[in-house]
Amino acid sequence: MLKSIIWIFVGCLGAAAVGSIALNRGESINALWFVSAAVCVYAIAYRFYAAWVAAKVLALDASRATPAERLDNGRDFVPTNRWIVFGHHFAAIAGPGPLVGPTLAAQFGYLPGTLWILIGAVLGGCVQDMVTLFLSTRRDARSLGQMAREELGALGGSAALIGTFAIMIILIAVLGLVVVNAMKHSPWATSTVAATIPIAMLVGVYMRSFRPGQVLEASVLGVCLLLVSVFAGGWVDHSETLRGLFDHEGLPLAFGVIVYGFAAAVLPVWLLLAPRDYLSTFVKLGTIFLLAIAIVILRPEVKMPALTPFIDGTGPIFGGKLFPFVFITIACGAISGFHSLIASGTTPKLLTNERDIHMIGYGGMLLESFVAIMAMVAATVLEPGVYFAINSPPGTVGLDAPAAVAKISSWGFPVSVEQMQSLAAQMGEATLFARTGGAPSLAVGMASIFGSAFGDGLLALWYHFAIMFEAIFILTTLDAGTRVGRFMLQDMLGNVWRKLGQTSWMPSVILSSALVVAGWGYFLYIGVIDPNGGVNILWPLFGIANQMLAAIALSVASGILIKSGKLRYAWVTGLPLVWLVTITSTAAWQKITSADIRIGFYAAAEDLSGKLASGFLAPEKAEIAPQLIFNLHLDAWLTLLFVGLLWLIVLDMLRVSYRHLAGKSVPPICEVPHAPSRLVES
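We now turn to the structure provided with this report. (Residues numbered from 1 in each chain as written. Predicted model: local features only at pLDDT ≥ 70, side-chain atom pairs only at ≥ 80, totals over all residues. Heavy atoms only, no water.)

## Brief notes about the overall build of the protein
Part 1: In terms of regular secondary structure, the protein is built from 28 helices and 2 strands.
Part 2: Computed over C-alpha atoms, the radius of gyration of the protein comes to 24 Å, within 12% of the 26 Å expected from 2.2 N^0.38 for 682 residues, which places it in the range of a compact globule.
Part 3: In terms of overall dimensions, the protein has C-alpha extents of about 70 × 55 × 55 Å along its principal axes.
Part 4: By residue count, 59% of the 682 residues in the protein fall in the buried class.
Part 5: The contacts of the protein with a sequence gap of at least 6 include a subset with a gap of at least 24, amounting to 83%.
Part 6: Surface accessibility of the protein: about 25000 Å² in total, with carbon and sulfur atoms responsible for 67%.
Part 7: Positive and negative side-chain charges of the protein, numbering 40 and 38 respectively, have mean locations separated by a distance of 11 Å. (Helix = DSSP H or I, 4+ residues; strand = E, 2+ residues; numbered from the N terminus. Rg over C-alpha atoms; globule rule 2.2 N^0.38 Å. Buried < 20%, exposed > 50% of the residue type's maximum accessible area, 1.4 Å probe, protein only. Contact = heavy atoms within 4.5 Å. Areas by Shrake-Rupley, 256 points an atom, 1.4 Å probe, with all protein chains shown as cover. Lys, Arg positive; Asp, Glu negative; His and termini not counted. Charge placed at Lys NZ, Arg CZ, Asp CG, Glu CD.)

In structure tokens:
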């Protein structure tokens, strides 16, 4: 009875919080409602919906041996403590999406993005992560593409292999570009991020050789060293001698990221990847929970309106209407295809017991969604004029500060030059105008909240800490993604020569790691040397490709559920699949065919070509125009490729499902036979 009363109270509180967010009009709303809504919705979803999916749809078996136990080789397959695995999984999936996506989507107002983060996560993103992790665990930790090939057949499987690997390369390149831009000329961030590598290796050796199983001791040691590295980064930043060692342009940092990605893919998972991601989780979660506590203490007012005039597609930050671009922009905060690669890559190779799939798969995504809610709050507690001044590019609002504030004020969001200059001085920056990309405005929002709660005199410290926090968030996703990319390539090469498919055969490890790093490293290099910062090459594709990858994962999961005799449960993955196919196909169609140069790739390329031919471009812009035109065409070609592969996979899944229901021959279920777990027995 007591439990029932508690859950009824949680449900009523959650309904009241969501109702306040959704129905409030004309007055500012307290940010505390956002925290309350998120906590209540996540608690109910985890306790009831996720538990039902785990018990009825997946039928998790705690007595069944996992691939980490059966195939333990001390390098890739390693039975690992559940909290270490949770930390690694969360650190690997939580990249720039839940931070930057909601910040940019605040252009439409706080309401659309907040509702999509809550609803999309509990019904789509968390389900995708948990189901993919389960299916991979039952199939010797096969990658998503390999599972598609084995379960759907050669046609859909080959399309999935090609699509997932190509999307993976682009996603990693974008992650690398974002982290390079975050660390560029920032000795504080660069030195702190660099320090996490030897700290992680020390913790890995400590748990492996000196004190096996002593997770608490290793955690305390690692966290203390991380905190020291954060404060030492500030000391480095103010040291005339040491600052130069960590103050670099983008290109040297890009080469450093490439070398790190190769090392993360080749070294044993216990030595670098797992402990580094686990320790990074303390920084990530610690910062997010500290932000939540500050919001509870301060109860700041959300100053952005629920809906802005820019839902019609005229937004200054990016073009496109509310549908479908709010769902494409937020991406990882609600559902992310990249997660399916981690859930079928490194995580199932570390999982000790199937019962942990509920916590790691569903719970890990809930935490990422909570990160997205905190990012939305941090962006919307800023004055709207300040938010648009930071995020709007010069081409939209003007090249100088007076022109920018006049333009933004004309939209009904007043801001002044003096206000922006004062804010920049408080944050320790020369200017905050036109700092596009979402990361700077998020850092300003976080610093403002932390400063109000814990001391205004430390605003510059909080701002640079937030920038460093974002860089760590991204880099942990990059290293896990590189290792997953290696597994995916080995799966594909194994279809040509079985020996190359052995994940721990060193020649295959080195060859596949080098090819994967060379793939995303090339695009990263091109992005770094691009005069426009690389955004015209890859960034417009990030959201669309990521959501298409999620649709591929849900398509494979739906097909396997139907083949397994669970047609009555196929709606669990089928409903979010239909929604994702709808929004990604719509977004792809608009990006290819739209005549609006702020939306359509071809339209923008033709407009730029016309200006170049007519001599309307300044000499410096005319010099880079051919490269920009090629980039826009490249975006269009890749979008066409991805949407074509997506529909091929969906239709092939429907074909296989129909044949199975009609009693015709289909590829057999590839689930490995049950083997009792000795770890459970002991």
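## Brief notes about helix 7 (residues 144-152)
Part 1: Judged by how many residues are buried, helix 7 sits mostly within the fold: 7 of 9 residues are covered.
Part 2: The first or second residue beyond helix 7 is Gly153, which carries a positive phi of 115°.

## Let's talk about the environment of His185
Part 1: Its location among the elements puts His185 in the loop between helix 8 (154-183) and helix 9 (187-210).
Part 2: Remark: the alpha-carbon pair of His185 and Leu253, spanning 68 residues in sequence, is separated by 9.7 Å.
Part 3: Contact partners of His185, with chain neighbours within four places excluded, come to Asp247, His248 and Glu249.

## Remarks on the packing of aromatic side chains
Between two aromatic rings, the relevant description is the distance of the centres plus the angle of the planes.
Part 1: According to the stated counting rule, one finds 25 aromatic pairs in the structure shown.
Part 2: Summarising the aromatic geometry, the rings of Trp7 and Phe48 are spaced 5.2 Å apart at their centres and angled 75° between planes, so their arrangement reads as edge-to-face. Here Phe48 lies in helix 2 (residues 32-58) and Trp7 lies in helix 1 (residues 2-23), a separation of 41 residues in the sequence.
Part 3: A residue is classified by how much of its surface remains accessible, and Trp7, at 27% relative accessible area, is partly exposed.
Part 4: Aromatic side chains Trp52 and Trp571 sit 5.9 Å apart centroid to centroid with 25° between the ring planes, which places their arrangement in the stacked category. Of this pair, Trp52 sits in helix 2 while Trp571 sits in helix 25 (residues 571-593), and the two are 519 residues apart along the sequence.
Part 5: A residue is classified by how much of its surface remains accessible, and Trp52, at 30% relative accessible area, is partly exposed.
Part 6: Directly above the aromatic system of Trp83 lies the positively charged group of Arg82, at a separation of 5.6 Å from the ring centroid. (Phe/Tyr/Trp six-rings, centres within 6.5 Å; stacked < 30°, edge-to-face > 60°. Lys NZ or Arg CZ within 6 Å of the ring centre and 35° of its normal.)

## Quick word on the environment of Ala378
Part 1: On the secondary structure map, Ala378 appears in helix 16 (residues 356-380).
Part 2: Assessed through its relative accessible area of 0%, Ala378 is described here as buried.
Part 3: Ala378 sits 63 residues away from Ser441 along the chain, and the two C-alpha atoms are 8.5 Å apart.

## Some details on a nonpolar patch on the surface
Part 1: A contiguous nonpolar surface patch, about 340 Å² in accessible area, is contributed by Ile293, Ile297, Leu298 and Phe454.
Part 2: Ranked by residues supplied to the nonpolar patch, first place goes to helix 13 (residues 273-298) with 3 residues.
Part 3: The topology assignment puts Ile297 in helix 13. (Patch = residues over 30% accessible without salt bridge, like charges linked within 9 Å, V, L, I, M, F, W, Y side chains within 5 Å. Salt bridge = Lys/Arg side-chain N within 4 Å of Asp/Glu carboxyl O.)

## Brief notes about the side chain of Thr80
Part 1: You can see Thr80 is positioned in the loop between helix 3 (67-70) and helix 4 (82-93).
Part 2: A polar contact of 2.7 Å, which involves the side chain of Thr80, links it to the backbone oxygen of Val78.
Part 3: When residues no more than four places from it in sequence are discounted, the contact partners of Thr80 are Val85, Leu350 and Thr352. (Polar contact = N/O pair within 3.5 Å; in protein donor to acceptor, adjacent residues only side chain to side chain.)

## What to know about the packing of helix 4 against helix 16
For any two helices packed against each other, one specifies the inter-axial angle together with the distance between the axes.
Part 1: Packing of helix 4 against helix 16 brings their axes to within 9 Å, and their N-to-C directions diverge by 40°. Considering the angle they form, helix 4 stands oblique to helix 16. Seen from above, helix 4 lies across helix 16 with right-handed handedness. Contact with helix 4, carried on its side by Arg82, Trp83, Val85, Phe86, His89, Phe90 and Ile93, involves Asp356, Met359, Ile360, Gly363, Gly364, Met365, Leu367, Glu368 and Val371 of helix 16 and no other residues of that element.
Part 2: Its residues assigned to classes, the contact of helix 4 with helix 16 comprises 10 nonpolar, 3 polar and 3 charged. (Axes fitted to C-alpha atoms, helices over the stretch in contact; angles between N-to-C directions. Parallel < 35°, antiparallel > 145°, perpendicular 65-115°, else oblique. Left-handed = near helix turned anticlockwise from the far one by under 90°. Nonpolar A, V, L, I, M, F, W, Y, C, P; charged D, E, K, R; others polar.)

## Some details on the nonpolar core
Part 1: Within the largest apolar cluster, 211 residues are counted, with the highest numbers of intra-cluster contacts made by Tyr42, Val257, Tyr362, Met374, Leu432 and Trp520.
Part 2: Apart from residues no more than four positions distant in its own chain, Val257 is found in contact with Val179, Val180, Met183, Leu475, Leu478, Trp520 and Leu524. (Core = buried A, V, L, I, M, F, W, Y, C linked by side-chain atoms within 4.5 Å.)

## Some thoughts on the pattern of salt bridges
Part 1: Under the counting rule described, the total for this entry stands at 14 salt bridges.
Part 2: Salt-bridge contacts for Lys563 lead to Glu151; the nearest nitrogen and oxygen are separated by 2.8 Å. Here the residue Lys563 occupies a position in helix 24 (residues 539-563), and Glu151 occupies one in helix 7, the gap between them amounting to 412 residues.
Part 3: Using a relative accessible area of 0% as the deciding quantity, one classes Glu151 as buried.

## A closer look at unusual backbone geometry
Part 1: Residue Pro324 is reached from Phe323 by a cis peptide bond, and omega for that bond is 10°.
Part 2: Position of Pro324 among the secondary structure elements: in helix 14 (residues 322-330).
Part 3: Phi angles above zero are rare outside glycine, and Asp140 is one such case at about 55°.
Part 4: Relative to the elements of secondary structure, Asp140 occurs in the loop between helix 6 (110-137) and helix 7.
Part 5: For Asp140, a relative accessible area of 26% translates into the label partly exposed.
Part 6: One non-glycine residue, Arg299, adopts positive backbone phi at about 50°.

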